[in-house]
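Understanding the architecture of this molecule
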Amino acid sequence: MQLLREGGCGGVLPPARPLHHLASLDRAAEQWAAGRPLSAAAEQSGYMAEATAGLHINGPASATIQLLKQSGCRTVTSQSLHDVGIYQRGLDTWAVLASASATPAASLAPVLATRALQLVNEVRARGARCGERSFAPAPPVRLSGTLAGVAFGHASDMARHNYFEHEDLAGHSPADRVRAVGYQEKLVGENIAYGPKSADEVVQGWLDSPGHCENIMDPRFAEMGIAYAAGQSSRRGLFWVQLLVAPKA
């Protein structure tokens, strides 16, 4: 694919810069292969796409270039697509090409994310009691756009499909979703909520719940992503997801 792109599909079209391979789009390609709509697969993977295109070919690896020439030249060489993910099963190959939105998930609600970060770091700075456990002051966490994207993907999936679980409908855990976007982690914690209408309300609700509070106070966590999505069926409230992660050094 890269050779076709750089060579303009054999000189038929203008050459384009190489695509950037992303693990998140590999996951999107796998979900697309499983029958999920392409845009939804990209969103669920945590990739905030401005544009997406998909290619599905069937044949041996030795025929890949010829098959792409026949059916996907314009997609492969599109100047507006910058990233790629691939999933293979038998003789079938699914490729997702995309360009990221200029607005990352973290900036979908920058005021909300900043306020949530302030509240979390205030309680970490003073220490807290979570149920029967007392926690000493902990270092502050910082916002991560990557983690916000993963949080938004899960919040959107819960909102769209009307469920409320840490494990998504494909059986993936919070740690699975974090790894799928290429984030290298040592430890992942996730808090979810349904219903709160503000950052203050959702953070206070988590602090009032011992298990959620323990996640917020865990001194091992250094980065945070938070996002919400509005319900689309019988549940019309907001689905919230907060990720707290200790990245690998």
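Residues numbered from 1 in each chain as written. Predicted model: local features only at pLDDT ≥ 70, side-chain atom pairs only at ≥ 80, totals over all residues. Heavy atoms only, no water.

**Considerations on the overall build of the protein**
A tally of regular secondary structure across the protein gives 11 helices and 10 strands. Viewed in the frame of its principal axes, the protein has a C-alpha envelope of about 65 × 40 × 30 Å. Sorting the 249 residues of the protein into buried and exposed places 49% on the buried side. Taking the contacts inside the protein whose residues are at least 6 apart along the sequence as the reference set, 69% of them involve residues at least 24 apart. A distance of 3 Å separates the average location of the 22 positive side-chain charges in the protein from that of its 22 negative side-chain charges. (Helix = DSSP H or I, 4+ residues; strand = E, 2+ residues; numbered from the N terminus. Buried < 20%, exposed > 50% of the residue type's maximum accessible area, 1.4 Å probe, protein only. Contact = heavy atoms within 4.5 Å. Lys, Arg positive; Asp, Glu negative; His and termini not counted. Charge placed at Lys NZ, Arg CZ, Asp CG, Glu CD.)

**Some remarks on the state of the cysteines**
All told, the structure shown has two disulfides when counted by the stated rule. A sulfur-sulfur separation of 1.7 Å characterises the disulfide bridge that pairs cysteine 9 with cysteine 73. Classification of the bridge connecting cysteine 9 and cysteine 73 rests on its S-S torsion, roughly -75°, and on that basis the disulfide is left-handed. Taken together, the residues span a long stretch of sequence, with cysteine 9 in helix α2 (residues 8–11) and cysteine 73 in helix α6 (residues 73–76) at a distance of 64 residues. Summarising the burial analysis for this pair, cysteine 9 and cysteine 73 share the class buried. (Disulfide = S-S within 2.5 Å.)

**Topic: the pattern of salt bridges**
Under the counting rule described, the total for this entry stands at 10 salt bridges. One salt bridge in this structure joins glutamate 30 and arginine 27, with 2.8 Å as the shortest N-O distance. With glutamate 30 and arginine 27 both in helix α3 (residues 23–33) and three residues apart, the pair spans about one turn of that helix. Here glutamate 30 falls in the partly exposed class, since its relative accessible area comes to 32%. With its nearest N and O atoms 3.6 Å apart, the salt bridge here joins aspartate 168 to arginine 177. (Salt bridge = Lys/Arg side-chain N within 4 Å of Asp/Glu carboxyl O.)

**Topic: the nonpolar core**
Val203, Trp206, Ile216, Met217, Met224, Ile226 and Trp240 are the most contacted members of the largest nonpolar core, which totals 27 residues. Counting only elements with at least two residues in this core, the list comes to α7 (110–126), β5 (128–130), α10 (199–207), α11 (210–217), β9 (223–230) and β10 (238–247). Top element by residues in this core is α7. It accounts for seven residues. Not counting residues up to four positions away in its chain, the partners in contact with methionine 217 are Val123, Arg124, Gly127, Ala128, Cys130, Phe135, Ala136 and Ala138. Counting 18 residues, the second-largest nonpolar core is a separate cluster that includes Met158, Tyr183, Val241 and Val245. (Core = buried A, V, L, I, M, F, W, Y, C linked by side-chain atoms within 4.5 Å.)

**So, the side chain of arginine 27**
Of the residues examined, arginine 27 reaches a relative accessible area of 14% and is grouped as buried. There is a polar contact of 2.8 Å between the side chain of arginine 27 and the side chain of glutamate 30. (Polar contact = N/O pair within 3.5 Å; in protein donor to acceptor, adjacent residues only side chain to side chain.)

**What to know about the sheet that holds strand β3 (residues 83–89)**
For sheets, the rule is that strands pair by backbone hydrogen bonds, running either parallel or antiparallel. In spatial order, the strands read β1-β3-β4-β2; together these four strands make up an open sheet with mixed pairing. Because the sheet does not close on itself, it has two edges, and the strands there are β1 (20–21) and β2 (49–58). Of the pairings in the sheet, the one linking β1 to β3 comprises two bridges and is parallel in character. Bridge pairing in β3 links histidine 20 to aspartate 83. Seen against the sheet, α3 touches β1, β2, β3 and β4 (92–100) and runs at an angle of roughly 45° to β3. (Pairing = 2+ DSSP bridges. Axes fitted to C-alpha atoms, helices over the stretch in contact; angles between N-to-C directions.)

**Topic: the side chain of glutamate 185**
Structurally, glutamate 185 can be placed in strand β8 (residues 185–194). When its relative accessible area of 10% is taken as the criterion, glutamate 185 is described as buried. A polar atom in the side chain of glutamate 185 sits 2.8 Å from the side chain of arginine 179. Beyond its immediate stretch of four places on either side in the chain, glutamate 185 contacts Val178, Arg179, Val245, Ala246, Pro247 and Lys248.

**Quick notes on the pairing of β10**
Burial runs high along β10: nine of the 10 residues are buried. Where β8 and β10 come together, nine bridges link them in antiparallel fashion. Counted as the bridge partner of glycine 189 is leucine 244 from β10.

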